[in-house]
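Each chain, written out:
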Amino acid sequence: MKRLIVWLSAAIVAIAFTGASAQQEFKIGVVASLSGGFAAAAKDTMDGYKAWEKARGLPGRKIVMEVLDDETNPVSASNAFRRVASDPGVQLIYLFIPSNSVMAVKSLASEFKVPIVAGGAADAIGVPPDPWLFKVAPAVRDFMTVLSQYSQKKGYQRIATINSTDAFGQAEITNLRALAPKHGLQIVASETFGVEDTSFNAQLTRIRAAKPDIIYNGASGRAAILTFRAFKQMGFKEPLVVTQAAVSKAFYDAIGSVDAADGLMTPIQLGSLGPAAGGDMAKLYGELEKALGRPPVYFNTFGYDVGLITEAAVKNSNGSRQGIRDALEALKDLPGVNGPVTYSKEDHTGQNFRSIGMGKLQKGRHVPAD
Amino acid sequence: MDFSVFVQLLLPGLTTGCVYALVALGFVLCANVSEVVNFAQGEYVMLGGVVAAWLFAHQVPLVVCILLATAAGALLGALQERLTLAPVRSSPYFIQITITLGVAVVLRGVALIAFGKDPLSMPGFTGDGVFEVAGAVVPVQSLWVWGSTALLLAVIFWFLKFTDPGRAVRACSINLQAARLMGVDTGKLTLAVFAVAGGAGALAGVVITPIVLANWDAGIAYGLKGFIGAILGNFRSPGIAVLGGLGIGILESFAAGYLSSGYKDAIVYGVLLAYLLVRGGVFVFGRLSLQLK
């Protein structure tokens, strides 16, 4: 009898512990570009997310992550997504991968019925919405909206653009063409380039001949560096606006110094303006900076916002996949480092043009443009 | 658009064309002595650039960077021939050509791992300034590109015309079998030509890097455009191949400037297509058709 009591007690304790640990665990599957062209951005995103875990996390729950690398490849992203989504223990999935890979996963999203919080700027990630996929960052149309609004505010009427021939670049110019007339803007030159191009002289010559009031350059990576240098060499005096992805350590290294980019403008998410953004954004930025131990870069702020969205969705749900999905779709004006996050049945974009401001580089930091 | 626009398009096109010309020359020389189209040729441009920029970033003096990067290209060209082509010399041509494609992929992969994905930069040899010609603005480094290309071409053409090994290369291009029977050591000659082609490509990469940066994936574009130049030279005439390369660079720039940047590549490849159709002999490399043995 005594032995039976000991065994029963041990069994009860074991069950209690198992139950407690199951209750406390919150499993997140992550598909991230840990290698390949998007690796630096994905690492910054993970750092920002980890800062959220450190600063806030999910009270009473232990977060367990299963991270798979998509090698910045849409096919690998789909395969990695299938793997994490097939795990019945996974309650939420993060996609820290570029837009084209997110689009590849979107076609599978409803198959597994796991809520997904995704990166990427392509408009089509959030609209039309997949019931299970939630984008965070504003869409391309939002960035083009801010560019158009800024141009109108400054009285510019003639805009010239240079965009890549890929889906992102074409989405930019398509949106700008739709927005420009509403803001009294005329697109006087619309040039394109391939992401592997090394000479942009011809495009810039055409832009110069078009006599624009303001120029938008949608290049990132090497193309951003080469076009920026060509603009300088050819003596352009017009205000130059670039995409926020253009500015990186490699960009500063290649142009010689951070000061060389002073005055360059970019429509940027408000989190990158730091304390200057004010309100909840400044407060959350401070939290993030403290947790990171250094000033955050853009993708750190994005990672932190992913954490804040997770926190709100878990808090407002029973923790089930369906519950988290419903809670995500019900989020309205959730404060984020970059601005308020709102979802609806018709729109899963998350942040919109309200979370973007026109920034200007000053000694390597973004400040609000005049 | 006025004359200054014409010059603004012409001179940068000429700069890019110089690189295409050296790549095209490498294609032709290699094809003439080995009967193989070396699709890794563009990668030597990439390697020259990344090696020089990487060395410069590690405080190596500029002159040493240039010499070491060029030597690295020559060494790798020789190694490519010795390790990947010499052992399969009697294999069908398509196997040898496929191997050169494999070498190109390997070189890109190694460069990605060794030098990273970010573009590498180095300053112009005599500063990053610009100069004006007829209202057009051109980087000073372009003078180095034009000058070194002209010098290299002069040396190579002198070598081909006035030296015994050069005559042997020309003999191989006329009739490889006959050249062998006349005592030309085609094995050593092939090794030397691959080394020269690798070195020339690498030097092109070094001089163009201050203008266009160096990147692990830059070799494909140079290789393809140089390949077109080599086709225009019928994979036989180094002179026409060089002119073809220069012409492609200029055509590319004019197409983007006068028509549309969106049509740039379509026009370049359209010209190639038209040339091949008019000529009526697709993929005839010198005297040899690309045939499966």
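The structure presented is a predicted model; accordingly, all values stated were derived computationally and were not measured.

Colleague: What is the right way to read the overall build of chain B from this model?
Modeller: Each helix and strand counted, chain B has eleven helices and four strands in total. Against the compact-globule benchmark of 19 Å for 293 residues, chain B has a radius of gyration of 19 Å, which places it among compact chains. Expressed as lengths along the three principal axes of its C-alpha atoms, the size of chain B is roughly 55 × 50 × 35 Å. A burial count over chain B gives 53% of its 293 residues as buried. Sequence separation of 24 or more characterises 76% of the internal contacts of chain B that already satisfy a separation of 6 or more.

Colleague: Would you take a moment to explain the environment of B:His58 for this structure?
Modeller: Residue and element names in this part refer to chain B. Along the polypeptide, His58 turns up in the loop between helix 2 (41-57) and helix 3 (62-85). The exposure class assigned to His58 is exposed, which follows from the 8 C-beta atoms found within 10 Å. Sequence separation between His58 and Phe254 is 196 residues; the distance between their C-alpha atoms is 38 Å.

Colleague: Could you clarify how one ought to interpret the packing of helix 1 (residues 3-34) of chain B against helix 5 (residues 141-162) of chain B in this entry?
Modeller: Helices that pack against each other are described as a pair by the angle of their axes relative to one another and the distance between those axes. All names here are of chain B. Packing of helix 1 against helix 5 brings their axes to within 10 Å, and their N-to-C directions diverge by 30°. For the element pair helix 1 / helix 5, the angle class is roughly parallel. Once helix 1 is placed against helix 5, the crossing between them reads as left-handed. Contact residues: Leu11, Leu14, Thr15, Cys18, Ala21, Leu22 and Leu25 in helix 1; Ser142, Val145, Trp146, Thr149, Leu152 and Ile156 in helix 5. Looking at the contact of helix 1 with helix 5 residue by residue, the class counts come to ten nonpolar, three polar and no charged.

Colleague: I would appreciate a short explanation of the pairing of strand 1 (residues 25-32) of chain A in the present structure.
Modeller: Every other side chain in a regular strand lies on the same face of the sheet, so the side chains alternate between the two faces. All names here are of chain A. With six of eight residues buried, strand 1 is to be regarded as a mostly interior element. Examined bridge by bridge, strand 1 and strand 2 (residues 62-69) share eight bridges and lie parallel to one another. Within the sheet, the bridge partner assigned to Ile28 lies in strand 2 and is Met65. Following the backbone out of strand 1, through helix 2 (residues 39-55) and into the adjacent parallel strand 2, one traces a crossover that is right-handed. The pairing of strand 1 with strand 3 (residues 92-96) spans five bridges and is parallel. The partner of Ile28 across the bridge, within strand 3, is Leu92.

Colleague: So what exactly am I meant to see when it comes to helix 5 of chain B here?
Modeller: Residues three or four positions apart in an α-helix share a direction because the helix packs 3.6 residues into each turn. Along its 22 residues, helix 5 of chain B runs 31 Å from first to last C-alpha, staying within 8% of the 32 Å computed at 1.5 Å per residue. Packing partners of the buried residues in helix 5 of chain B comprise helix 1, strand 2 (136-139) and helix 8 (186-212) of chain B.

Colleague: Mind showing me how you'd approach the domain arrangement of chain A here?
Modeller: Where interface size is given, it is often the accessible area lost as the parts come together that is meant. All names here are of chain A. Along its sequence, chain A is organised into domain 1 (24-139 + 280-355) and domain 2 (141-270 + 358-368). For domain 1 and domain 2, the distance between their C-alpha centroids amounts to 28 Å. In this assembly, 15 residues from domain 1 lie in contact with eleven residues from domain 2. Put simply, the parts of the chain that give the side of domain 1 that touches domain 2 at least two residues each are helix 4 (99-106) and helix 13 (298-315). Of the residues assigned to the side of domain 1 that touches domain 2, the class counts are seven nonpolar, seven polar and one charged.

Colleague: Sorry if this is basic, but what is going on with the interface of chain B and chain A here?
Modeller: On the chain A side, the residues contacting the 25 residues of chain B number 24 residues. Of all elements in the fold, only helix 1, strand 2 and helix 10 (238-259) of chain B reach the threshold of two or more residues within the side of chain B that touches chain A. Ranked by residues supplied to the side of chain B that touches chain A, first place goes to helix 1 of chain B with five residues. Broken down by class, the residue content of the side of chain B that touches chain A amounts to 13 nonpolar, eight polar and four charged.

Colleague: Honestly, the confidence of the model for chain A in this entry has me stumped. Any pointers?
Modeller: When pLDDT is low, close inspection of the predicted coordinates is not appropriate. Residue and element names in this part refer to chain A. Predicted confidence across chain A gives a mean pLDDT of 90, with 94% of residues reaching 70 or more. No element of chain A has a lower mean pLDDT than helix 1 (residues 2-24), at 52, and none a higher one than strand 4 (residues 116-118), at 98. Overall, residues 15-21 carries pLDDT values under 50, and its contacts beyond four positions in sequence, including any with other chains, amount to zero contacts.

Colleague: What exactly am I supposed to notice about the sheet that holds strand 4 of chain A here?
Modeller: Strands pair in a sheet through their backbones, by hydrogen bonds, and they do so in one of two ways: parallel or antiparallel. All names here are of chain A. The five strands are arranged 2-1-3-4-5 in an open sheet whose pairing can be described as parallel. In the strand order of this sheet, the two ends are held by strand 2 and strand 5 (133-135), each with one partner. Here the strands of the sheet are splayed against their neighbours by 25° on average, with no regard to which way each runs. Contacting strand 1, strand 2 and strand 3, helix 3 (residues 74-85) crosses the sheet at an angle of about 170° to strand 1.

Conventions used here
- Residues numbered from 1 in each chain as written.
- Chains lettered and ligands numbered in written order.
- Predicted model: local features only at pLDDT ≥ 70, side-chain atom pairs only at ≥ 80, totals over all residues.
- Helix = DSSP H or I, 4+ residues; strand = E, 2+ residues; numbered from the N terminus.
- Rg over C-alpha atoms; globule rule 2.2 N^0.38 Å.
- Buried ≥ 20, exposed ≤ 12 C-beta atoms within 10 Å, placed from the backbone.
- Contact = placed C-beta atoms within 7 Å.
- Axes fitted to C-alpha atoms, helices over the stretch in contact; angles between N-to-C directions.
- Parallel < 35°, antiparallel > 145°, perpendicular 65-115°, else oblique.
- Left-handed = near helix turned anticlockwise from the far one by under 90°.
- Nonpolar A, V, L, I, M, F, W, Y, C, P; charged D, E, K, R; others polar.
- Pairing = 2+ DSSP bridges.
- Right-handed = clockwise from strand over helix to strand, strands pointing away.
- Expected span 1.5 Å × (residues − 1).
- Domains from an automatic or database assignment.
- pLDDT = per-residue confidence, 0-100.

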